[in-house]
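# Reading the structure
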Amino acid sequence: MKDKSVYKKALKLAVPMMIQNGITNMVSLIDNIMVGSLGTEAITAVSIIGQLIFVFNLAVFGGISGPGIYGAQYFGQGNKEGLRNTFRIKLWISTIILAAGMSLFIFGDKFLVGLYLHGGSTSVDPVLTMEYARQYLRIMIFGLVPFCVTQVYASSLRETGESVKPMVGGIASVVIDIVFNYLLIYGKFGMPQLGVRGAAIATVLARIVEFAIVVFWSSADKKKHAFLKGMYRTLLVPGDVSVKIIKRGTPILLNEFLWAGGIAAMTQCYSLKSLDIVAGLNISNAICNLLNVVFVALGSSIGIIIGQMLGASEYEKAKKSAFGLMWFSGFICVGLTVILILLSGVFPNFYDTSDEIKNYGKMFIIITAVFFPVQGFLNALYFTLRSGGKTFITFLFDSVYTWVVAVTSAFIMCRYTSFSIFTIYILIQSADILKLMIGVILIKKGMWISNIVENT
C-alpha cells in the first residue's frame, strides 16, 4: 500500500495495547518466575490454574467482543447512544460469565485440576500439586470481578481510539504485582511468607489497582469520552438492539470460550505423555505469551480500524487496508521469532526445576517461535473477518477448526502413537498453515465487507 497512514494509525492504536497487554502478561510471568523458585509442584500448579483462568478470560473477551464490533462501527458513524448500548450489553454479558465462572471454580476446582494430573512423572508430586493449585485458585477468584469491569471499560475506550488509559492502568498493576509478589511469596519486610498464596494475593491486588485507574480516570474524563455521560441512568437496552447485537455476538463468545477450552484440552492431552510436559509448557507459555501481545494487539487494532472504515462505508479502502495490515503483522512477527529463539536457552534457567523440564521449556519456546509469523497473519485475518460482523464464519474458522483438527489430532497422537511430544507439538502447530490458507481465500472474496450499523 502506498498510503502509509494506515500503518501509523494501526501502530498508534496497537502500541499502547501492546504495552498494556504485555504488562498484564508480565504479571503472569513474574508469578511464574517467583513461584518457580518454590519448586516443580508450585510451577505445575500455577500452570494448571493459569490454563483455567485463561479459559475464563477468553470467555470474557469473547462476550464483550460481539458488542465491540458494533462499538467500533458506531464510533465511525458518530452514534454515541449506540456506544452506550454496546457498553451496557457488555456489562450484562460479563456479569453472567462472571457468575458462571466463579461457580465452576468454587465447586469444581478439584475435578478441573485433576484433569491434568493423570500423566506419570518422576519429579512432580500430584498430591502436593493439587494442594498448591487449589490454594492458588481460591484466592485468584477474588480478582475476577475487577478484571471483568476493567475489560468492559478498556474495550469500549479502545473502540473510540483511546488506548492510553488502559495502558497506564496496566503499568500500575505490574508495579503492584512485583512488589507484593516479593513481599508475600518470600515473607520480606515483616510480611508473612505465603508461597503460592502470596503470588495469588499480589495478582488480585494488581487487578484491583488496574480497575481503579481505568474506571475512575475514564469516568472523570467524560468531556473526552462523551458516551460515558448518562451511562448509568439505566442499564436497560432496547430489545431490538439487544437481539441484534447478541445474535451477532454469540458466535464470538462461543468461539473464544471454545478456542480457549481447546488450548486447555490440548495441554491435557500433552500431559498424558508426562506431567513434566505441563511444567515445560508453563515455562514456554510464560515467555511466549509476553511477546504474542504484539500480534494480538495488532489484530485488535486492525479489527477496530477496519470496523471504523466499514461503519463509514469506505469499503474499497477497508479491503486494501486489510491486506496491507495482514502482511504488516506477519512481517513484525518475524522479528519476534528471532527474539524468542535467542531467549530459549536462557529463560528456562530462571526456574528451580529439573534439567528435563528446562529442556522441555526450551524446545517448546523454539517450536512456538518458528510459527509466530503464521499466528501474526491468522490474528489479522480473524479480526478482519470479525470487523464486518461475519461472526459465524470466524466461529467456524477458529474454534471449530481448533477442536476438529488440532484437539482431535493431539488426542489421537498422544494416546495412540509413540511420537515424541516435540513431533506432536510441531504437527499441531503446522495445522494452522491450512487455516491460514482458508483465511486468505475468505479475505480475497470480500464476503466479510459489511456496514452493520448503516440504518441505525
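A quick note: this is a predicted structure, and the numbers were derived from the prediction, not measured.

### Thoughts on the packing of aromatic side chains
Each pair of aromatic rings is reported with the distance of its centres and the angle of its planes. Applying the stated rule across the entire model yields 17 aromatic pairs. Centroid distance Tyr270 to Tyr425: 5.8 Å. Interplanar angle 65°. Geometry classified as edge-to-face. With Tyr270 in helix H9 (residues 239-271) and Tyr425 in helix H16 (residues 421-445), the pair connects residues that are 155 residues apart, well separated along the chain. Geometrically, the ring pair formed by Phe411 and Tyr416 is edge-to-face, given 6.1 Å between the ring centres and 80° between the ring planes. Residue classification places Phe411 among the partly exposed residues on the basis of a relative accessible area of 34%. By the ring-pair criterion, three or more aromatic residues cluster together here, those being Tyr270, Tyr360, Phe364, Phe422 and Tyr425. Against the face of Trp217 rests Lys165, its NZ or CZ located 5.0 Å from the ring centre.

### Regarding the side chain of Ser344
Among the secondary structure elements, Ser344 is positioned in the loop between helix H12 (315-343) and helix H13 (355-370). In contact with Ser344, not counting residues within four places along its chain, are Lys362, Ile365 and Ile366.

### A few points about the nonpolar core
Tyr270, Ile306, Leu325, Leu340, Phe347 and Ile428 are the most contacted members of the largest nonpolar core, which totals 74 residues. For this core, the leading source of residues is helix H11 (residues 293-311), giving ten residues. Not counting residues within four places of it along the chain, the set of residues in contact with Tyr270 comprises Ile277, Leu281, Ala410, Cys414, Ile421, Ile424, Tyr425 and Ile428. Core analysis: the second largest hydrophobic core is formed by 62 residues, Ile93, Ile139, Val204 and Ala260 among them.

### Comments concerning the environment of Leu340
Summarising the element assignment, Leu340 is placed in helix H12. In this structure Leu340 comes out as buried when scored by relative accessible area, which is 0%. In this structure, the C-alpha to C-alpha distance between Leu340 and Glu81, residues 259 residues apart in sequence, is 44 Å. When sequence neighbours within four positions are dropped, the list of residues in contact with Leu340 reads Ile287, Cys288, Leu291, Ile365, Ala369 and Phe372.

Conventions adopted
- Residues numbered from 1 in each chain as written.
- Predicted model: local features only at pLDDT ≥ 70, side-chain atom pairs only at ≥ 80, totals over all residues.
- Heavy atoms only, no water.
- Phe/Tyr/Trp six-rings, centres within 6.5 Å; stacked < 30°, edge-to-face > 60°.
- Helix = DSSP H or I, 4+ residues; strand = E, 2+ residues; numbered from the N terminus.
- Buried < 20%, exposed > 50% of the residue type's maximum accessible area, 1.4 Å probe, protein only.
- Lys NZ or Arg CZ within 6 Å of the ring centre and 35° of its normal.
- Contact = heavy atoms within 4.5 Å.
- Core = buried A, V, L, I, M, F, W, Y, C linked by side-chain atoms within 4.5 Å.

By themselves, these figures tell us nothing about what the structure is for.
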